[in-house]
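What follows is each chain in one-letter form.
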Amino acid sequence: MNDKYWEEEIETMPREELHKLQLRRLRKTIGIAANSPYYKQVFQKHGITADSIRSIEDIRKIPFTTKADMRANYPFGLVAGNMHEDGVRIHSSSGTTGTPTVIVHSRHDLESWANLVARCLYAVGMRKTDVFQNSSGYGMFTGGLGFQYGAERLGALTVPAAAGNSKRQIKFITDFRTTALHAIPSYAIRLAEVFQEEGIDPASTTLKTLVIGAEPHTDEQRRKIERILGVKAYNSFGMTEMNGPGVAFECTEQNGMHLWEDCYLVEIINPETGEPVPDGEIGELVLTTLDREMMPLIRYRTRDLTRILPDTCPCGRTHLRIDRIKGRSDDMFIIKGVNIFPMQVEKVLVQFPELGSNYLITLETISNQDEMIVEVELSDLSTDNYIELEKVRKAISRRLKDEILVTPKVKLVKKGSLPQSEGKAVRVKDLRDNK
């Protein structure tokens, strides 16, 4: 085996061969998806069968699948396999209305996913001799088990440290001689601060590789992280609906993320018209799973904005590369690696009679940490009693944390003090440094 690649034959496959493999897998995927209640109905309505797909372009005959479709068919309307016989794990992402999007995996699906993550880690130079520490949340969040199984597949010694507790993270890094770490960008900066507080120079540790992702960040922010931690930081992309981490990853060239086309079919569309945009133009990323058996997703609108990068990569991998994610085509924002919708905040605020209807979410970078501030107007009915208002403020903060998994700063303000906007209310002001 060539030491440069995890799976040389697939990673360096000529484009023509790759397209043939994609078409074979797409037709197989459509055959499987037809067994799910949701796709069965969609395919019948549009006259779609595996045989009707003669080329990759024929996928456009099939309508898009959206998060709304997944919620409407919650929990198992898109499951195509025999869940009771072959289902081995459920993952879900947080939802705006309390209805999460759910993905069910078979053993085959989990093995395919672990292999993709191993391929990604190998591409950034990780080997089985590495010690890999994961500071992602475990549980329903895919960043925990996704990276865990991928690193184990690679053969690395794994440290499933999970999220938070920075002093303990640093103790593990120094005591276990961690060489590779997975962390969201804002947490990587926080760790650098704690290193400083503890009087430890990160450059004196064995840490050399950092995998970052899960929240949008600029290349300037990446370079800053590399500088303060003394590592090489590699950008990654994944989402629960497409397994989780391992969809696209930088290689050691750090010039765009290779998206694994043997397992995902990529389209970039104009979010308004749904029509494809030319390569190199920014649009919405649409993905189709090509190697998932329990619950395939076809033409899934990710709402993430990116573009296909021109030219080939010097690393020799032939799979196309996408640019870092530019943002969302809807109103979702990401803070501390968690996807949040203004609707989730609103849902909590309306439960308090002391509050008016006007609120504003401000996202700011304070001491290198992303913070979320929720300002909300009081209603005419509210009291002037400071102690009572403080109780309300704390209750709102607790309830929001339960809903969105992040603790925001809550400020109660006088009625009429927040700006009123004509037309659609501006609910989110993003003032973060990485914008």
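All values reported here derive from a predicted model rather than from experimental measurement. (Residues numbered from 1 in each chain as written. Predicted model: local features only at pLDDT ≥ 70, side-chain atom pairs only at ≥ 80, totals over all residues. Heavy atoms only, no water.)

### What about the overall build of the protein?
Then, number 1: On a plain count of helices and strands, the protein comes out with 12 helices and 20 strands.
Then, number 2: Here the protein has a C-alpha radius of gyration of 23 Å; the compact-globule value for 435 residues is 22 Å, and the two agree.
Then, number 3: With respect to the three principal axes, the spread of C-alpha positions in the protein is 70 × 60 × 45 Å.
Then, number 4: Across the 435 residues of the protein, 56% fall into the buried class. (Helix = DSSP H or I, 4+ residues; strand = E, 2+ residues; numbered from the N terminus. Rg over C-alpha atoms; globule rule 2.2 N^0.38 Å. Buried < 20%, exposed > 50% of the residue type's maximum accessible area, 1.4 Å probe, protein only.)

### Examining helix H8 (residues 166-175)
Then, number 1: Along H8, the residues that are buried comprise Ser 166, Gln 169, Ile 170, Phe 172 and Ile 173. What you see down the axis of H8 is that its buried residues fit within an arc of 160°, all on one side.
Then, number 2: Where the residues of H8 are buried, they touch strand E3 (131-134), strand E4 (157-159), strand E5 (180-182) and helix H9 (185-197).
Then, number 3: Note on H8: the residue one or two positions beyond its end, Arg 177, has a positive phi of about 55°. (Arc of directions from axis to C-beta. Contact = heavy atoms within 4.5 Å.)

### Concerning the sheet that holds strand E10 (residues 264-269)
Then, number 1: Spatial ordering of the open sheet is given by E10-E11-E12-E14, a layout of four strands whose pairing is antiparallel. Each having just a single partner strand, E10 and strand E14 (327-328) make up the two edges of the open sheet. (Pairing = 2+ DSSP bridges.)

### A look at unusual backbone geometry
Then, number 1: The omega torsion across Tyr 74 and Pro 75 is -5°, close enough to zero to call that bond cis.
Then, number 2: Relative to the elements of secondary structure, Pro 75 occurs in the loop between helix H4 (67-72) and helix H5 (83-86).
Then, number 3: Although it is not a glycine, Ser 367 sits at a positive phi angle of roughly 50°.
Then, number 4: Along the chain, the position of Ser 367 falls in the loop between strand E17 (355-366) and strand E18 (369-378).
Then, number 5: A relative accessible area of 56% places Ser 367 in the exposed class.

### With respect to the packing of aromatic side chains
Then, number 1: Counted by the stated rule, this structure contains six aromatic pairs.
Then, number 2: Ring centres 5.0 Å apart and planes at 65° place the aromatic pair Tyr 38 and Tyr 39 in the edge-to-face group.
Then, number 3: Its relative accessible area of 1% is what places Tyr 39 among the buried residues.
Then, number 4: Grouping aromatic residues by their ring pairs yields a cluster made of Tyr 38, Tyr 39 and Phe 43.
Then, number 5: The aromatic ring of Tyr 149 is capped on one face by Arg 89, whose charged end is 4.8 Å from the ring centroid. (Phe/Tyr/Trp six-rings, centres within 6.5 Å; stacked < 30°, edge-to-face > 60°. Lys NZ or Arg CZ within 6 Å of the ring centre and 35° of its normal.)

### Section: the side chain of Thr 240
Then, number 1: Within the fold, Thr 240 resides in the loop between strand E7 (232-237) and strand E8 (248-250).
Then, number 2: Judged by its relative accessible area of 11%, Thr 240 is buried.
Then, number 3: Excluding residues within four positions of it along the chain, Thr 240 makes contact with His 91, Ser 92, Ser 93, Ile 103 and Thr 142.

### Regarding the sheet that holds strand E9 (residues 257-259)
Then, number 1: Strand order in this open sheet of eight strands is E4-E3-E5-E6-E7-E8-E9-E13, and the pairing throughout is mixed. Each edge of the sheet is formed by a strand with only one pairing partner; in this case those strands are E4 and strand E13 (321-322).
Then, number 2: Of the pairings in the sheet, the one linking strand E6 (residues 209-212) to E7 comprises four bridges and is parallel in character. Bridging from a neighbouring strand, Leu 210 pairs with Ala 233 of E7.

### Overview of the environment of Arg 303
Then, number 1: Relative to the elements of secondary structure, Arg 303 occurs in strand E12 (residues 300-306).
Then, number 2: With relative accessibility at 27%, the residue Arg 303 sits in the partly exposed group.
Then, number 3: For the pair formed by Arg 303 and Pro 271, sequence separation is 32 residues and the distance between their alpha carbons is 7.9 Å.

### Observations regarding the pattern of salt bridges
Note that side chains of opposite charge can pair when their charged atoms are close.
Then, number 1: Applying the stated rule across the entire model yields 29 salt bridges.
Then, number 2: A salt bridge links Asp 130 to Lys 208; the nearest nitrogen and oxygen atoms lie 2.9 Å apart. Of the two residues, Asp 130 is situated in the loop between helix H6 (107-123) and E3 and Lys 208 in the loop between H9 and E6; the sequence distance between them amounts to 78 residues.
Then, number 3: Look at Lys 208 and you get partly exposed, because its relative accessible area is 43%.
Then, number 4: Ionic pairing is found between Arg 427 and Glu 346, a salt bridge with its closest N-O pair at 4.0 Å. (Salt bridge = Lys/Arg side-chain N within 4 Å of Asp/Glu carboxyl O.)

### Side note on H6
Think of an α-helix as turning once every 3.6 residues; residues three or four places apart then point the same way.
Then, number 1: Under the 1.5 Å per step criterion, the end-to-end length of H6 is 24 Å for 17 residues, consistent within 8% with the ideal 24 Å.
Then, number 2: The buried fraction of H6 amounts to 14 of the 17 residues, a majority that puts the element mostly inside the structure.
Then, number 3: Downstream of H6 by one or two residues, Gly 125 has phi in the positive range, about 100°. (Expected span 1.5 Å × (residues − 1).)

### Here's the deal with a negative patch on the surface
Then, number 1: There is a patch of like negative charges on the surface, built from Glu 8, Glu 9, Glu 16 and Glu 17.
Then, number 2: Elements with a contribution of two residues or more to the negative patch: helix H1 (8-11) and helix H2 (15-33).
Then, number 3: Residue position: Glu 9 is located in helix H1. (Patch = residues over 30% accessible without salt bridge, like charges linked within 9 Å, V, L, I, M, F, W, Y side chains within 5 Å. Areas by Shrake-Rupley, 256 points an atom, 1.4 Å probe, with all protein chains shown as cover. Lys, Arg positive; Asp, Glu negative; His and termini not counted. Charge placed at Lys NZ, Arg CZ, Asp CG, Glu CD.)

### Concerning the nonpolar core
Then, number 1: Within the largest apolar cluster, 66 residues are counted, with the highest numbers of intra-cluster contacts made by Phe 43, Leu 121, Phe 237, Leu 259 and Leu 287.
Then, number 2: With eight residues, the single largest contributor to this core is H6.
Then, number 3: Residues contacting Leu 287, with those up to four places away along its chain left out, are Phe 237, Met 242, Val 247, Leu 259, Tyr 264, Leu 265, Val 266, Leu 297, Ile 298, Arg 299, Tyr 300 and Thr 302.
Then, number 4: The next biggest cluster of nonpolar side chains, apart from the first, holds 24 residues, and it includes Ile 340, Met 372, Leu 378 and Val 392. (Core = buried A, V, L, I, M, F, W, Y, C linked by side-chain atoms within 4.5 Å.)

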